[in-house]
Amino acid sequence: MAKPVRARRPRVERFRLRNGLSVVLAPIAKSSTVSVWVWYRVGSKNERPGITGASHWVEHMLFQGSPHYRKGEIDRAVVKVGGSLNAFTDYDFTAYFSTVPRDHLSVPLDIESDRMTRALLEPAEIERERTVIRSEQEGNENWPEFRVAEELGELAFRRHPYRWDPLGFPEDLVALTPRDLREYYRRFYGTRNAVLVVSGGFEPSQVRRQIRALFGRLPTLGEVPDVAVVEPEPTGERRATLSGPGTTPYLEVGYRAPAVQDPGAPAAILLDVVLGGETRLFTVGRGWGPSGEHPSARIYRALVDRGLAVRATTQYRPRQYPGVFLIGAQAARGVSLDQIEEVIHRETGRISRFAPARSEVLEARRKVRRGAQLAYEGASGIGFRLGYFSMLGGERFESDLLSRVLSVSPEAVRAAAERLFPAERRVVVGYEPSREAPNAG
Amino acid sequence: MRDDNDPLIVRRSERSDGLVVARQAPPASTASCSATYLAPAGSAYDPPSRVGLAIMTNHLVTSGAGSRDRVTLARDLDRLGATLQAHCHPESAEVTVWGPAEVLSTLLSILADVVLRPRFRGEDLERVRRQLFERQMRELSQPESRAEREMLRAVFPTGHPYRETGAGTHTSVSRIDRNDLIRFHRDHFTASGAQVVVTSPRSGPAILSEVNRRFRDFERETSPPMPTLPPTRRVSATPHRIDMPGRSQVEILLGGASIPRDAPEFAGAFLANEVLGGRPLLSRLFQRVREAHGLAYHASSELEAMRWGGLWMAQAGTGPERIARVLPILSSELERIRSERVGSGELDEIRESAIGEIPLGVETTSGAHDLAVEVTYFGLAPDFFRRWPATLRSVTPKEIQRSAEVAMDSSVACTVIAGPSRSPRASQ
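Residues numbered from 1 in each chain as written. Chains lettered and ligands numbered in written order. Predicted model: local features only at pLDDT ≥ 70, side-chain atom pairs only at ≥ 80, totals over all residues.

## A short note on the overall build of chain A
Helix and strand content of chain A: 15 helices and 11 strands. For 441 residues, the compact-globule formula gives about 22 Å, and the C-alpha radius of gyration of chain A, at 23 Å, lands near that figure. A principal-axis box enclosing the C-alpha atoms of chain A has dimensions of 60 × 55 × 50 Å. For chain A, buried positions account for 56% of its 441 residues. (Helix = DSSP H or I, 4+ residues; strand = E, 2+ residues; numbered from the N terminus. Rg over C-alpha atoms; globule rule 2.2 N^0.38 Å. Buried ≥ 20, exposed ≤ 12 C-beta atoms within 10 Å, placed from the backbone.)

Right, here's the structure in full:
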């Protein structure tokens, strides 16, 4: 094993309250801002058909009122002191965050303690929010990439809740009731199921006192949810072709990929860097957004440099349970999906048979190491990283994972590809744009 | 905090060849640095028969320069842990490098290569051309970008530098050849009229010396003449309706010509926009469209004040069946900000929110650097963002209303609705 790698990260203090709430403090003496994050181990993985989208809907409702903060007052309390706040729902977790000037830390702490177990979820507000959420979904549906991702999830998973997007199925958004959402909230939200992260400019002893006073009195609630459903191993290729408005054909190929705690995850992470160029977990920001261009990465060279695609990349964002390793490409004008797919299969076949050169793997490892060293920047970014890795593993999970990624050998990358890329493990979804009346331009 | 260590102070000097060099301290406890070269090379300078040339040139300077081809450049940046990005605006083009603070010299050397010695290889030109074709199609196929494109064309007359998005047409982009790129680069990636902005813990004199060493031998020192600005015209009040079947969401956009950044009304207009739809969560559009009526996921407004003029937009994305309810809210709120004074309670809340947000803008090196680029490009005072709170607090409700009348003039604005006339799921 390679020697441990130290990212430039702040000193971190961790403790747990009697009611089960995990707390992570990352003081940065010179920071003029402070960021408060609450991460709940509940996401769309905890839903079932009929209540898909519940995690995301509850996330919206936590901004719509609690005993001390009536509707609109949460936003107002944070924003009027110059803070920003938001939340997001993922497959595995839901996170809420506020970043404020350091003198106003008590505002987000008070809000989070108030809504952790006492959000109102009033029926009238739930009803009003139904259209807002549907509108959010409609906005996504305008993008072919979203439609492809939805379809790919449904093909890749027959039983596991990773089958649906965290926004949920549209028919469930029509049918979900206030009672469903309240039950969901009561079951999963609480101190046992949450991690509170405070990062930035604050005095630790004072904040410890504040946290104990605000959160220590909360009841011990929140089910720690495991997903019992096990997705069977795929036994054959699955594919679909969609059509609709768009530009040029778009293709995504997904392969069943290891869970984040799987011993195979580090090699799959490095395989993602070699093929697609992104360092994802080990980069500034969330590493979730659209990829930039990576001209030195294999898939880019094979597709974009050769004129077959206008963009192409890979994405492996490890999840709590086995997920998907994606390869996606937008075809250049006049290029068919078949041509794109053939090249993807050729590249996945090549790396499954022949280990990459040692120099190529060293380059990828160096890129990951550099990304990790600079990843901790700004109170908000630090809060994100500490919370995110808390959702994926324990206290030393990030540094252990990084060390394991940095010790992956060329042969391990090849072996990972050989395990990931057999034809029977893949799902292929294409998007063929329909013909539209040409515009005079 | 000493000025030298304050990320809200941006010191600049001008070289004899006209290049402006600015330096800003990074936020405390960050380990990165950033540098940007801004050139008078925006899409407004595109020759009429070569629309798309500015964007292509801007893309291509980062596709291999000096002794590095594109792949070598990418690998060298990866080794350093750095990124290189190019953006093209209507008035200017910029190239930004970001990476570890200790390798600033190397990063400036790379940036200088990119700015002064791009390769413009034929295969890279063809790749960027293909990408631009796809971007053109995307502009036409996405309701949001389509609405914006139509609005620009309705509001700005032919020949106006803000009329085009810069992506061009298939014909105009097909015409562009390597000689066009070389000429455009020679004439627009100049010393005069350009700025180099550096965010680094190194001192101002050290930065200036480093920039002087790297950024020399510009092919042309003089900047290109500013494009002519035909007057904006009165626009029809009838909404432009673009039917785009098969999509799920409609984009409703109200917008028009606005004021430049140096207009005396800017601070008032800034606050008027914040009240209308610019301030996240607190603005009137967000509160009425989303929070009160649940009609849309996003409803907002923006004011883009540039050097030569400006643009404002109010927008919302919603289902086709809700257009009739959303559009009147957008229109009435626009009229209200122009005709009524903002109440003091509402104004205080919005204003203090905007002021309190400044520290959040300098959490990261990239965030701080964006402010430095803004200060430098618009020639603002070195301590502009230090004084911005006092400036905002001095604006009265009356000034906000007057500024809104000028900056959001509905007689030179239009409404565009782009998207499906009925929901695709309605027929299922």
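## Some points on the domain arrangement of chain B
Residues and elements named next belong to chain B. When the domains of chain B are assigned, the result is domain 1 (3-214) and domain 2 (240-427). Across the contact, 36 residues belong to domain 1 and 38 residues belong to domain 2. Listing elements by their share of the side of domain 1 that touches domain 2, those giving two or more residues are strand 1 (10-14), strand 2 (20-24), strand 3 (32-39), helix 5 (143-155) and strand 6 (195-199). Considering each element in turn, the side of domain 1 that touches domain 2 owes the most residues, nine residues, to helix 5. Residues of the side of domain 1 that touches domain 2, tallied by class, amount to 21 nonpolar, eight polar and seven charged. (Domains from an automatic or database assignment. Contact = placed C-beta atoms within 7 Å. Nonpolar A, V, L, I, M, F, W, Y, C, P; charged D, E, K, R; others polar.)

## Remarks on the sheet that holds strand 1 of chain B
All names here are of chain B. Pairing within the open sheet is mixed, and its six strands lie in the order 1-2-6-3-5-4. Looking at which strands have only one partner, the edges of the open sheet turn out to be strand 1 and strand 4 (83-88). Put simply, the sheet's adjacent strands are angled 15° from each other on average, direction ignored. Bridging between strand 4 and strand 5 (residues 93-100) involves six bridges; their strand directions are antiparallel. Bridge assignment links Leu 84 to a residue of strand 5, and that residue is Val 97. Helix-sheet contacts for helix 1 (residues 53-61) involve strand 4 and strand 5, and the interaxial angle to strand 4 is about 170°. (Pairing = 2+ DSSP bridges. Axes fitted to C-alpha atoms, helices over the stretch in contact; angles between N-to-C directions.)

## Remarks on the interface of chain A and chain B
Counting residues at the interface gives 58 residues for chain A and 56 residues for chain B. Taken together, the elements giving at least two residues each to the side of chain A that touches chain B come down to helix 2 (73-79), strand 5 (94-101), helix 4 (123-141), helix 12 (358-374) and helix 13 (379-392) of chain A. The biggest single contributor to the side of chain A that touches chain B is helix 4 of chain A, with nine residues.

## Some remarks on the environment of A:Glu145
All names here are of chain A. Structurally, the position occupied by Glu 145 is in helix 5 (residues 144-156). The partly exposed category is assigned to Glu 145, around which 15 C-beta atoms lie within 10 Å. Sequence separation between Glu 145 and Leu 218 is 73 residues; the distance between their C-alpha atoms is 42 Å.

## Thoughts on the sheet that holds strand 11 (residues 413-419) of chain B
Residues and elements named next belong to chain B. Across the sheet, five strands lie side by side as 7-11-8-10-9; this open sheet has mixed pairing. Among the strands making up the open sheet, the edge pair consists of strand 7 (240-243) and strand 9 (298-305). Averaged over all pairs of adjacent strands, the angle between their axes in this sheet comes to 15°, without regard to strand direction. Summarising the sheet, strand 9 and strand 10 (residues 310-318) pair through eight bridges and their orientation is antiparallel. Note on strand 10: the bridge partner recorded for Ser 301 is Ala 314. On top of the sheet, helix 5 reaches strand 7, strand 8 (250-258) and strand 11; it is set at about 150° to strand 11, its chief contact. Across the face of the sheet, helix 10 (residues 284-292) comes into contact with strand 9 and strand 10 while running at roughly 160° to strand 9.

## A short note on the packing of helix 10 of chain B against helix 11 (residues 323-339) of chain B
Think of two packed helices as two axes; the pair is described by the angle between the axes and how far apart they sit. All names here are of chain B. In the contact formed by helix 10 and helix 11, the axes pass within 10 Å of each other and the chain directions differ by 160°. Considering the angle they form, helix 10 stands roughly antiparallel to helix 11. Between helix 10 and helix 11 lies a crossing whose hand is right-handed. Contact residues: Arg 284, Leu 285, Arg 288 and Val 289 in helix 10; Val 326, Ile 329, Leu 330 and Glu 333 in helix 11. Here the residues of the contact of helix 10 with helix 11 sort into five nonpolar, no polar and three charged. (Parallel < 35°, antiparallel > 145°, perpendicular 65-115°, else oblique. Left-handed = near helix turned anticlockwise from the far one by under 90°.)

## Things to note about helix 15 (residues 410-420) of chain A
Buried within helix 15 of chain A we find A:Val413, A:Arg414, A:Ala416, A:Ala417 and A:Leu420. One side of helix 15 of chain A carries all its buried residues, which in axial view fall inside an arc of 160°. (Arc of directions from axis to C-beta.)

## Focus on the domain arrangement of chain A
Frequently, the measure chosen for interface size is the accessible area removed from exposure when the parts meet. Residue and element names in this part refer to chain A. Here chain A is partitioned into domain 1 (13-215) and domain 2 (238-433). Taking the mean C-alpha position of each, domain 1 and domain 2 sit 27 Å from one another. Looking at which element gives the most residues to the side of domain 1 that touches domain 2, the answer is helix 5, with eight residues. Tallied by class, the residues present in the side of domain 1 that touches domain 2 amount to 18 nonpolar, eight polar and seven charged.

## Digging into the environment of A:Leu275
Residue and element names in this part refer to chain A. Position of Leu 275 relative to the elements: it lies in helix 9 (residues 265-276). By the C-beta count within 10 Å, which is 29 here, Leu 275 ends up buried. Distance from Leu 275 to His 294, taken between C-alpha atoms, is 9.6 Å for residues 19 residues apart in sequence. The residues contacting Leu 275, other than those within four sequence positions of it, are Ala 297, Arg 298, Ile 299 and Thr 314.

## Quick word on helix 8 (residues 204-214) of chain B
All names here are of chain B. For helix 8, the full list of buried residues reads Ile 207, Glu 210 and Val 211. Around the axis of helix 8, the buried residues are gathered within 95° of arc, so they sit on the same side. Set apart from the buried face of helix 8 by more than 90 degrees, the exposed residues are Pro 205 and Arg 213. As for helix 8, its buried residues are in contact with strand 2, helix 3 (104-116) and strand 6.

## Considerations on the nonpolar core
Counting residues in each nonpolar core, the largest one holds 188 residues, and the members touching the most others are A:Leu181, A:Ala268, A:Leu270, A:Leu303, A:Ala309, A:Ile340 and B:Ala272. A total of nine residues in this core trace back to one element, the largest contributor, which is helix 9 of chain A. When residues no more than four places from it in sequence are discounted, the contact partners of A:Ile340 are A:Leu251, A:Leu303, A:Leu308, A:Ala309, A:Ala329, A:Ala331 and A:Val335. In this structure, B:Leu60, B:Val97, B:Phe133 and B:Val373 belong to the second largest nonpolar core, which totals 66 residues. (Core = buried A, V, L, I, M, F, W, Y, C linked by C-beta atoms within 7 Å.)

## Brief notes about the pairing of strand 5 of chain B
Residue and element names in this part refer to chain B. Across the eight residues of strand 5, seven count as buried, placing the element largely inside the fold. Note that strand 3 and strand 5 share eight bridges and pair antiparallel. Opposite Ala 35, over in strand 5, you have Val 97 as the bridge partner. Joining the antiparallel neighbours strand 4 and strand 5 is a turn of four residues.

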